[in-house]
Amino acid sequence: VCQNITRQKLIERALRESEARLQAMLDSAVDAIITINDQGIIESFTPSAERLFGYRQEEVCGKPINMLMPEPHRHRHAEYLQRYQQTGDKRIIVNGREIRGLHKSGFLLPLELSVSEVIVEGEHFYTGFLRDITERKRSEEALIAARAELQGVINAASEISIIATDGSGTITLFNTGAERMLGYDAAEI
């Protein structure tokens, strides 16, 4: 008995090529991508996740996702996951939430997390997309420090009245010199 399996071979080849393309996309993703099962066990860990957390894929796959979390979330993650599965309360299924991750060496990573849920053949999987926001946090802290320093300089200029407004005429700055000269408290203005 002979059977032509050309069509089957073409389908198998197309499937392999599709899987290879998907793997190439995951391997080249800038953001870390981590997939867990419904028990919170890591199923996949992309190269960008390896760079971000300092672990190799072999070190984390098959282990609980909470190994990448600081306290108190480390010991509460199973509870969070179970609550979602029981209630459907989407606190963990989020778009763009800031969290802290735990690097292999023990330092905390400021991250932005988005989570999606996928159901494959009745099994629930959760995919986390993580972006390192260390530079953004440093910039925010530097801006806050610069503003505080500027405010200190402006307030120290007690002999000069300094008042600033925005484009609509709303007062955005009223220093101590202006308070003394005009008799109003900055909070009032």
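Residues numbered from 1 in each chain as written. Predicted model: local features only at pLDDT ≥ 70, side-chain atom pairs only at ≥ 80, totals over all residues. Heavy atoms only, no water.

## Considering the packing of aromatic side chains
Logical step 1: One pass over the structure, following the stated rule, counts two aromatic pairs.
Logical step 2: Look at Y84 and Y126: their rings are 6.0 Å apart centre to centre, the planes differ by 80°, and that puts the pair in the edge-to-face class. Here Y84 is found in helix α4 (residues 73-87), whereas its partner Y126 is found in strand β5 (residues 123-132), with 42 residues between them in sequence.
Logical step 3: Judged by its relative accessible area of 8%, Y84 is buried.
Logical step 4: According to the relative accessible area criterion, Y126 is buried, its value standing at 3%. (Phe/Tyr/Trp six-rings, centres within 6.5 Å; stacked < 30°, edge-to-face > 60°. Helix = DSSP H or I, 4+ residues; strand = E, 2+ residues; numbered from the N terminus. Buried < 20%, exposed > 50% of the residue type's maximum accessible area, 1.4 Å probe, protein only.)

## Let's talk about a nonpolar patch on the surface
Logical step 1: A surface patch of nonpolar side chains, amounting to about 550 Å² of accessible area, comprises I163, I171, M181, L182, Y184 and I189.
Logical step 2: With respect to the secondary-structure elements, I163 resides in strand β6 (residues 163-165). (Patch = residues over 30% accessible without salt bridge, like charges linked within 9 Å, V, L, I, M, F, W, Y side chains within 5 Å. Areas by Shrake-Rupley, 256 points an atom, 1.4 Å probe, with all protein chains shown as cover. Salt bridge = Lys/Arg side-chain N within 4 Å of Asp/Glu carboxyl O.)

## Remarks on the sheet that holds strand β4 (residues 108-120)
Logical step 1: Pairing within the open sheet is antiparallel, and its five strands lie in the order β2-β1-β5-β4-β3. Among the strands making up the open sheet, the edge pair consists of β2 (42-45) and β3 (97-102). Sheet twist, expressed as the mean angle between neighbouring strand axes with direction ignored, is 35°.
Logical step 2: With six bridges joining them, strand β1 (residues 32-37) and β5 adopt antiparallel strand pairing. Across the sheet, residue I34 finds its bridge partner in β5, namely G128.
Logical step 3: Across the sheet, helix α5 (residues 134-156) lies against β3, β4 and β5, angled at about 135° from β4, the strand it touches most. (Pairing = 2+ DSSP bridges. Axes fitted to C-alpha atoms, helices over the stretch in contact; angles between N-to-C directions. Contact = heavy atoms within 4.5 Å.)

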